[in-house]
Amino acid sequence: MPFFLGNAAFASPLQFKSINDVDITLVEVASITKIFNIINNKTGFHFSYNSQKINMEAEVNIKVVNGKVSDVLNQISKETVLSFKQMDSTINVKHNESKRGIKDTKESQNSTGVVIGMVMDEQTNEALPGASIKIVGKTIGAVSDMTGNFFFHMESGSYEVQITYLGYESKTVAITVVEGQTTALNVSLISATYELGDVTINVALEGQQKALNQQQNASNIKNVVAADQIGRFPDSNTAEALQRVPGININRNAGDGEGRYVGVRGLPAYFTNVNINGEQIPSPEGEVRQTALDAIPADQLAYMEVSKSITPEMDGDAIGGSINLVTRGATKRVLEVKGSIGTEVQQNNPEQLGQQYAVQFAKRFGGDPDDSGKFGVLLNTTFYQSNRNVDMVEMDYDDNPDGLVFEEYELEDAYYIRKRLGVSGRFDFKPNAHTEFYLNTIYTQLFELDESRRWYFNEADNEIAKRIKYRQENQGVQSYNLGAKHILPNMTIDYEGSISLGNAVTPYEHLPVFGISDDNLSINIDRSNVDRPQITSATLNGQPFDWKDNSNYRFIEHEYSGTSAHSRNITGKFNLEMPWKLAENNGSIKFGAKVRSSYRDYKKDFFELYEYAGGGDAPALNEHNFTNGGDRDFNHELLGGDYELGASPEWENTIDYIKNNPNDFEDVGAEDFEEEEANTNYEISEDVYAGYVMGTMNFSKLMVLGGLRFEATKTNVKTQIWDATEDAILPIEGNNNYNYFLPMLHFKYAANESLNLRMAGTYSYARPNFGDLVSDDKAFDADDQEAFIGNPNLKPVGALNLDFMVERYFGSVGILSGGLFYKKLDDFIYIQTNNQTFLGVDDITVYQSVNGDQAQLYGFELAYQQNLKFLPGFLSGLGVYANYTLTRGKTEFNNRANRFDENNQPTTREEVDILPGQSENIVNLALSYAKGGFQCRFTANYNSAFLDGVGYNSLSDEYVESRWQFDASASQMINKNLSIYAEFVNISNSENRTYYGAPNVPKELRNFGFWSRFGIKFSL
């Protein structure tokens, strides 16, 4: 029926004015009805139209500043099938059938335009990443990126677009796509988590919503963790934060117990590549490929993505998966300032507090006031210091063919000062909706001071000694990514150049040792408690010997050394994507290329070893103030009072005494430095050339993604080995070149808006660790009859990966998922031990990494998380987060000693049902509560025992024992800008225990204690 919209009070003055002459400013994303009302209120023009033919609730995006009414109408006309004609103060609105005809004609010609937009939260203006944008009735659409932006290419015509986001109300908007032009589509969604009574948002859901939306709409199998969600757990570094993801196992730092390395689905850490902003970063350490993630503060990140099935556009060296750490960027025009201030206290060292500081500045500016701003700047810095005391007892054994025979135990009282600094920034420039230039940067450094005192009791060698290690170690990663993205009418192009740097420098390490070694010294050790061996008595020349008296300990040596490792990746890449249509189904073709040049070295910078060369006995530990000074008092009980360490040597006093009495000491290290260099130094260069082609096609509810990636690797290794027999350096140089064709296929079936079924079959590989190519302990010692050598010809491990996953998403923000996975590994790498003739010397035990036969890994994972908003009253604030991963493995090791086959015949082959690094059971549990500004969370993490190192035989294999850890956190919002928090880590005081072969043969037991953090968080 006809409809008239107007305001009679303004009609008369406008009778003789044209819509081309009346000024107006109107910047709105709103329905046509609302736009007409605004024009009517501002100008007095009224509209006449047939409401049965025109959809007045269709949404349009109007951007007119200091323009005319005709400019507004022209924009409406471009986005819809409407035309306008002025009759005095009345504007007649007509449904233009000719435009519909134009649409049909252009569709037949397959002409396209591009739709560009952003999805935001209507109340907070926060970007919504992972939103689904779909053309109603078509098989085309897009997913918003980390900044909420999206784009897609579409044939010209008028369409309805549906935007959906988990935990938000869906919205449908009408658009018109014009050939060769850009259609803007900025959409604001209303969160279902707002409570209408006081209009407050349950902020505990924000991070979970963002993560689950990205996960739901991803093309591959992945887990996403958002910054808001990271902050709900008491995790200070990236490895700790990643342990909450299904299927992830972490290796802890032997020093202070923090997570360090990350493995996915039971595979070694170097089987997983780690990226920052989409590009691999080099390991800061010299021997391994895996990145020590304890050097990267969790506060630096916007998201963590764990891809368990890779796509052709991703690096192929990722059997376990690919981890992408995404740093933050500016999203708002208003200046955002966020930060936190806190402190840490540890159970074992309550008198020395740690400290935490974080601050972030972000702002967008420039361009029209109505858009998001042409320029974006974000700076984020964090500083975290911990002061922790760790107690340890370590056992050592003789590797006897009949089993391990106990030799000694060592006590350690270690004090660690760790300072973690992180600085990141993002600078971007968007001159228009089609183009973006950006620079992403991150700089992290971990400064660790290790001051540990040890007491040795060697029953086999008749030796007791005390030693201090005073070492400074600095590890860091830097990454700089400069790139651009161009959205053209028929294609999208992006390119990037990046440089990543890693360093691990030990500027100094002091190791002074005092002790006694005498064939007439007899030591008796009680091992009734295998975890707590105790010396019960000792005699020297048949007389009682007081091992607690420091006058019985004489100077043995003082070692002073420094090492450095540096790594560098320089990368260039580009990608090109074009729309592709198959009948009525829409998709895209994407291809690209990449070159990465890597270099790393490891050097012994200096080595000094002082031995006593004066007359008479060497000075005793109780003389010359050797035990005085130091940073703190170490004369206290260990491991709950089971041991008392007593006074130990201080490195400063020892080295001062050596310098003040040069005639009494000899630096034998000067003679050995050449050997030390040979056993340590190496250089490796590695160049990777890659290209791929990938196609994606949407068939109604089914998405198919397939493609092929090619990677060529050229590696050059330069190292040496020290021949102790000839006292000479033997140079070694080798090249290791290989090519891989990696086909990949993914299926995603969206049965409905909340149910996904996924399947994937991919090929990938894992390059050998650098230490396996050169050996990080290269040496040949004829006296000890041992040789440790590298293998420059080591082949990568290849893998066929099969995955199946079912995901059920809940509107109350949650997910229930379950999946199966299988991996068939070729040329699995392990350390082989052989007795052979080496460099002309018979019966030498040679240790070398080699390729084995096939290995298999299979298992399943389950995950459930949900906010229980459907519960009544107080209980509606509860939330559950739980996941479980089961893995099983099978492989064979060659050259294993004392093995027999099924016919009881000797064999060197052994089939084992566990792979190195494989934890068969991984469990994460969390119960949370959020209501009225209060949040709390209780978490539990469990890893079953896993194989950490392959030994001479199964009895000498090294295992990390199963371990539970319980943590808790809580926060209270004071107002919208200020909150207080408390975090409690390892509240069960779980110890870290390793053993050889069987649990009753312990190797090491470390007690980290528990620690807690308190502080405030603010935003301005």
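Bear in mind the structure is a predicted one, so any value in this text is a computation, not a measurement. (Residues numbered from 1 in each chain as written. Predicted model: local features only at pLDDT ≥ 70, side-chain atom pairs only at ≥ 80, totals over all residues. Heavy atoms only, no water.)

Draft legend 1. Expanded view of the overall build of the protein chain. From N to C terminus, the protein chain includes nine helices and 61 strands. Counting across all 1020 residues of the protein chain, residues that qualify as buried make up 56%. Contacts in the protein chain between residues far apart in sequence, at least 24 positions, make up 70% of those at least 6 positions apart. Surface exposure of the protein chain reaches about 40400 Å², of which carbon and sulfur atoms provide 51%. (Helix = DSSP H or I, 4+ residues; strand = E, 2+ residues; numbered from the N terminus. Buried < 20%, exposed > 50% of the residue type's maximum accessible area, 1.4 Å probe, protein only. Contact = heavy atoms within 4.5 Å. Areas by Shrake-Rupley, 256 points an atom, 1.4 Å probe, with all protein chains shown as cover.)

Draft legend 2. Molecular detail of the sheet that holds strand β8 (residues 132-135). Pairing is antiparallel across the open sheet formed by four strands, whose spatial order is β9-β8-β11-β12. Looking at the sheet topology across the chains shown, the edges are occupied by β9 (141-143) and β12 (171-177). Here the strands of the sheet are splayed against their neighbours by 20 degrees on average, with no regard to which way each runs. (Pairing = 2+ DSSP bridges. Axes fitted to C-alpha atoms, helices over the stretch in contact; angles between N-to-C directions.)

Draft legend 3. Representation of the packing of aromatic side chains in the model. Per the stated rule, a full pass over the model turns up 37 aromatic pairs. When the centroid spacing of 5.5 Å and the interplanar angle of 15 degrees are considered together, the rings of F365 and F375 count as stacked. In this pair, F365 is assigned in strand β24 (residues 349-365) and F375 in strand β25 (residues 375-400), connecting sequence segments 10 residues apart. Classification of F375 by relative accessible area gives partly exposed; the value is 34%. The rings of F514, F555, Y612, F626, Y657 and F665 are connected pair by pair, giving a single aromatic cluster. Geometry around F770 places R289 over its ring, the cationic atom sitting 4.1 Å from the centre. (Phe/Tyr/Trp six-rings, centres within 6.5 Å; stacked < 30°, edge-to-face > 60°. Lys NZ or Arg CZ within 6 Å of the ring centre and 35° of its normal.)

Draft legend 4. Summary view of empty space enclosed by the protein. Within the structure shown, the criterion is met by nine cavities of 30 Å³ or more. One number sums up the size of the largest cavity: a volume of about 280 Å³. Lining the largest cavity are 24 residues, with Q280, I281, R289, D317 and F770 positioned closest to its centre. If you list the elements that add at least two residues to the lining of the largest cavity, you get β19 (272-276), β33 (554-582), β34 (585-612) and β38 (682-699). Counting residues per element, the lining of the largest cavity draws most heavily on β34, which supplies four residues. Counted by class, the lining of the largest cavity contains eight nonpolar, nine polar and seven charged residues. If you add up the space inside the second largest cavity, you get close to 220 Å³. (1 Å grid on protein atoms, 1.4 Å probe; cavity = no way out; pocket = protein on both sides within 12 Å on 5 of 7 lines; lining within 4 Å. Points joined across faces, edges and corners; volume = space filled by probe spheres on them. Nonpolar A, V, L, I, M, F, W, Y, C, P; charged D, E, K, R; others polar.)

Draft legend 5. Up close: the sheet that holds strand β16 (residues 222-226). Pairing is mixed across the open sheet formed by five strands, whose spatial order is β16-β21-β22-β19-β20. The open sheet has two free edges, formed respectively by β16 and β20 (279-280), since each of these has just one partner strand.

Draft legend 6. Quick peek at the pairing of strand β11 (residues 157-164). Across the eight residues that make up β11, a large majority, six, are buried. One ladder, built from four bridges, connects β8 with β11; its direction is antiparallel. Within the sheet, the bridge partner assigned to K134 lies in β11 and is Q162. Where β11 lies against β12, seven bridges are found, and the strand directions are antiparallel. Bridge pairing links Y159 to I175 in β12.

Draft legend 7. Local environment of the confidence of the model for the protein chain. When pLDDT is averaged along the protein chain, the result is 83, and 90% of the positions lie at 70 or above. Of all the helices and strands in the protein chain, strand β15 (residues 200-201) carries the lowest mean pLDDT, 38, while strand β41 (residues 755-766) carries the highest, 95. Note that residues 99-110 has pLDDT below 50 and, in this model, 20 contacts with residues that lie over four places away or in other chains. This stretch, residues 630-634, has a pLDDT under 50; its non-local contacts, to residues over four places away or in other chains, come to 17 contacts. (pLDDT = per-residue confidence, 0-100.)

Draft legend 8. How the structure looks around the pattern of salt bridges. Considering all chains together, one arrives at 48 salt bridges under this definition. In this structure, K332 and E126 form a salt bridge, with 3.1 Å as the shortest nitrogen-oxygen distance. Highlighted residues: K332 in the loop between β22 (321-327) and β23 (336-346) and E126 in the loop between β7 (112-121) and β8, separated in sequence by 206 residues. By relative accessible area, K332 is classed as buried at 16%. For K594, the salt bridge is made with E279, and the minimal N-O distance between the two is 3.1 Å. Taken together, the residues K594 in strand β34 and E279 in strand β20 connect sequence positions 315 residues apart. The two residues K594 and E279 agree in class, both being buried. (Salt bridge = Lys/Arg side-chain N within 4 Å of Asp/Glu carboxyl O.)

Draft legend 9. Inspection of unusual backbone geometry at higher detail. Look at N277: it is not a glycine, yet its phi comes out positive at around 55 degrees. Residue class for N277 comes out buried when judged on its relative accessible area of 13%. Even without being glycine, D827 reaches a positive phi, approximately 60 degrees. With respect to the element layout, D827 can be found in the loop between β45 (814-826) and β46 (829-838).

Draft legend 10. Quick peek at the side chain of S424. Inspection of the secondary structure assignment puts S424 in strand β26 (residues 403-432). On the basis of relative accessibility, which here comes to 2%, the residue S424 falls in the buried class. Separated by 2.6 Å, the side chains of S424 and Q300 make a polar contact. In this view, S424 contacts Q300, T327, L378, L379, N380, T441 and I442; residues no more than four positions away in its chain are not counted. (Polar contact = N/O pair within 3.5 Å; in protein donor to acceptor, adjacent residues only side chain to side chain.)

Draft legend 11. How the structure looks around the pairing of strand β29 (residues 492-517). Pairing between strand β28 (residues 463-487) and β29: 22 bridges, direction antiparallel. Within β29, the position partnered with Q475 by the bridge is A504. Judged from the 22 bridges that link them, β29 and β33 form a sheet pairing that is antiparallel. Bridging from a neighbouring strand, Y495 pairs with F574 of β33.

Draft legend 12. Expanded view of the packing of helix α1 (residues 32-43) against helix α2 (residues 69-79). Between α1 and α2, whose axes approach to 12 Å, the crossing angle comes to 175 degrees. Comparing the axis directions of α1 and α2 gives the class roughly antiparallel. Counting all contacts with α1, which are made through I35, F36, I39 and T43, the residues of α2 involved are V69, V72, L73 and I76. Class assignment of the residues belonging to the contact of α1 with α2 gives a composition of seven nonpolar, one polar and no charged. (Parallel < 35°, antiparallel > 145°, perpendicular 65-115°, else oblique.)

Draft legend 13. Just a nonpolar patch on the surface, in detail. A cluster of nonpolar side chains, namely F437, Y495, F574, M578, F591, V693, L708 and F741, defines an oily patch on the protein surface of about 690 Å² accessible area. Mapped onto the fold, F741 is located in strand β40 (residues 728-752). The exposed category is assigned to F741, whose relative accessible area is 58%. (Patch = residues over 30% accessible without salt bridge, like charges linked within 9 Å, V, L, I, M, F, W, Y side chains within 5 Å.)

Draft legend 14. Looking closely at the environment of F665. Considering the arrangement of structural elements, one finds F665 in strand β37 (residues 665-667). Residues F665 and H558, 107 residues apart in the sequence, show an inter-C-alpha distance of 10.0 Å. Ignoring anything within four residues of it in the chain, the contact list for F665 reads F555, E611, Y612, A613, Y657 and I658.

Draft legend 15. Structural detail: the nonpolar core. Ranked by size, the top nonpolar core spans 40 residues in total, and within it Y409, F457, I464 and W547 carry the most contacts. For this core, the secondary structure elements donating two or more residues are β25, β26, β27 (435-458), β28, β29, β30 (521-526), β31 (534-540) and α7 (651-660). Broken down by element, this core gets its largest block of residues, five residues, from β26. In this structure, Y409 is in contact with V393, E394, M395, W455, Y456, F457, I525, P533, Q534, I535 and Y643, ignoring residues within four places of it in sequence. Core analysis: the second largest hydrophobic core is formed by 27 residues, F45, V72, L82 and V93 among them. (Core = buried A, V, L, I, M, F, W, Y, C linked by side-chain atoms within 4.5 Å.)

Draft legend 16. Expanded view of the side chain of T183. Mapped onto the secondary structure, T183 falls in strand β13 (residues 182-189). A polar contact is formed between the side chain of T183 and the backbone oxygen of T176, at a distance of 2.9 Å. Filtering out sequence-adjacent residues up to four positions away, T183 remains in contact with V114, V115, I116, I175, T176, V177 and V178.

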